[in-house]
Amino acid sequence: MTATRSSTTRAIAAWEATMTSHAIWMRIFGEQDVWEGLSPREYDVLYTLAKNARSATTTGPMRLNDLSRSVLLSQPALSRMVERLVTRGLVSRCADPADARASHLSLTPQGEALQRSVGKSHGTAVAQAMSGALSDDEIATLEALHLKLITHAQEEK
């Protein structure tokens, strides 16, 4: 029983450290002057759409449902945010020919340009923060561990 409790305690402590680190860094990054009129969450939507467009395993635009799996917002909040991004001319929405109830989302040229501009500054800030705290080997280990957790979570569904 002691080993299980110790294992559980270690797992909880690791989870709490991960979540606390995420919250602190998101606050630090959110306060930086790199967003060019976007909120960090709006940038996250643009980044996810851009990443999907560049992916070798996907073709074309994303459905809102697929976008919601990658963005930390509720479906209703994401729908409202996407509507604002469409209104601002950063995201385009078109009907899904295979499902009239769904629509496809993609970046407009203006949205792509803004994502790249913000992404360059934000990416530099993230790289500096990570390399300032961790060695290259530690960064590789951290990535591998998080990818392992992501894979496990996807298998649990």
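This text follows the structure it describes.
Note that this is a predicted model, so its numbers are computed, not measured.

This brings us to the sheet that holds strand β1 (residues 62-63). The antiparallel open sheet is built from three strands, whose spatial order is β1-β3-β2. With one partner strand each, in any of the chains shown, β1 and β2 (91-96) form the two edges of the open sheet. The sheet contact formed by β1 and strand β3 (residues 99-107) spans two bridges and is antiparallel. Residue pairing for β3: Arg63 is matched across the bridge by His104.

A few words now on the packing of aromatic side chains. The final tally for this structure, using the stated rule, is three aromatic pairs. One aromatic cluster is present, built from ring pairs that chain together Trp35, Tyr43 and Tyr47.

Our focus in this paragraph is the packing of helix α2 (residues 40-54) against helix α4 (residues 75-87). Contact geometry of α2 with α4 gives a least axis separation of 11 Å together with a crossing angle of 80°. When the axes of α2 and α4 are compared, the pair comes out roughly perpendicular. Facing α2, whose interface residues are Arg41, Glu42, Val45 and Leu46, α4 presents Leu78, Met81, Arg84 and Leu85. When the residues that make up the contact of α2 with α4 are grouped by side-chain class, the tally is five nonpolar, no polar and three charged.

Right, let's get into the side chain of Ser68. Note on placement: Ser68 falls in helix α3 (residues 64-68). Of note is the side chain of Ser68, whose polar atom sits 3.4 Å from the side chain of Gln75. Apart from the residues lying within four places of it in its own chain, the contact partners of Ser68 are Gln75 and Leu78.

What follows covers α2. Given a rise of 1.5 Å per residue, 15 residues ought to cover 21 Å, and the 21 Å separating the end C-alpha atoms of α2 matches this to within 8%. Residues of α2 that are buried include every one of Glu42, Tyr43, Val45, Leu46, Thr48, Leu49, Ala50 and Asn52, and no others. The inward-facing, buried residues of α2 contact β1, α3, α4, β2, β3 and α5 (109-133).

What counts and what doesn't
Counting starts from 1 at the beginning of each chain's written sequence and moves along it residue by residue. Local features in this predicted model are restricted to residues whose pLDDT is 70 or higher, and side-chain atom pairs enter the listing and the counts only when it is 80 or higher, whereas totals over whole chains, interfaces and linings include all residues. Excluding hydrogens and water, the side-chain figures rest on all heavy atoms present in the structure. Two strands qualify as a pair provided DSSP detects at least 2 bridges between them. Note on conventions: DSSP H or I runs of at least 4 residues are helices, E runs of at least 2 residues are strands, and numbering of each starts at the N terminus. Note on ring pairs: Phe, Tyr and Trp rings are taken, using the six-membered ring of Trp, and paired if centres are within 6.5 Å. Classes follow the plane angle, with under 30 degrees stacked, over 60 edge-to-face and the rest tilted. Note on definitions: angles span 0 to 180 degrees between N-to-C directions of axes, and those axes are lines fitted to C-alpha atoms, for helices only across the stretch in contact. In what follows, roughly perpendicular refers to angles from 65 to 115 degrees, roughly parallel to angles under 35, roughly antiparallel to angles over 145, and oblique to any angle outside these ranges. By definition, residues are in contact when any of their heavy atoms lie within 4.5 Å. Amino acids outside the nonpolar list (Ala, Val, Leu, Ile, Met, Phe, Trp, Tyr, Cys, Pro) and the charged list (Asp, Glu, Lys, Arg) are all regarded as polar, and Gly is one of them. By the criterion applied in these results, polar contacts are pairs of N or O atoms within 3.5 Å in which, for protein atoms, one can donate a hydrogen and the other can accept it, and in which residues neighboring in sequence qualify only through two side-chain atoms. Expected span, for any helix, means 1.5 Å times one less than how many residues it has. Burial here depends on accessible area, computed with a 1.4 Å probe over protein chains only, as a share of the maximum for the residue type. Under 20% is buried, over 50% is exposed, and the range in between is partly exposed.

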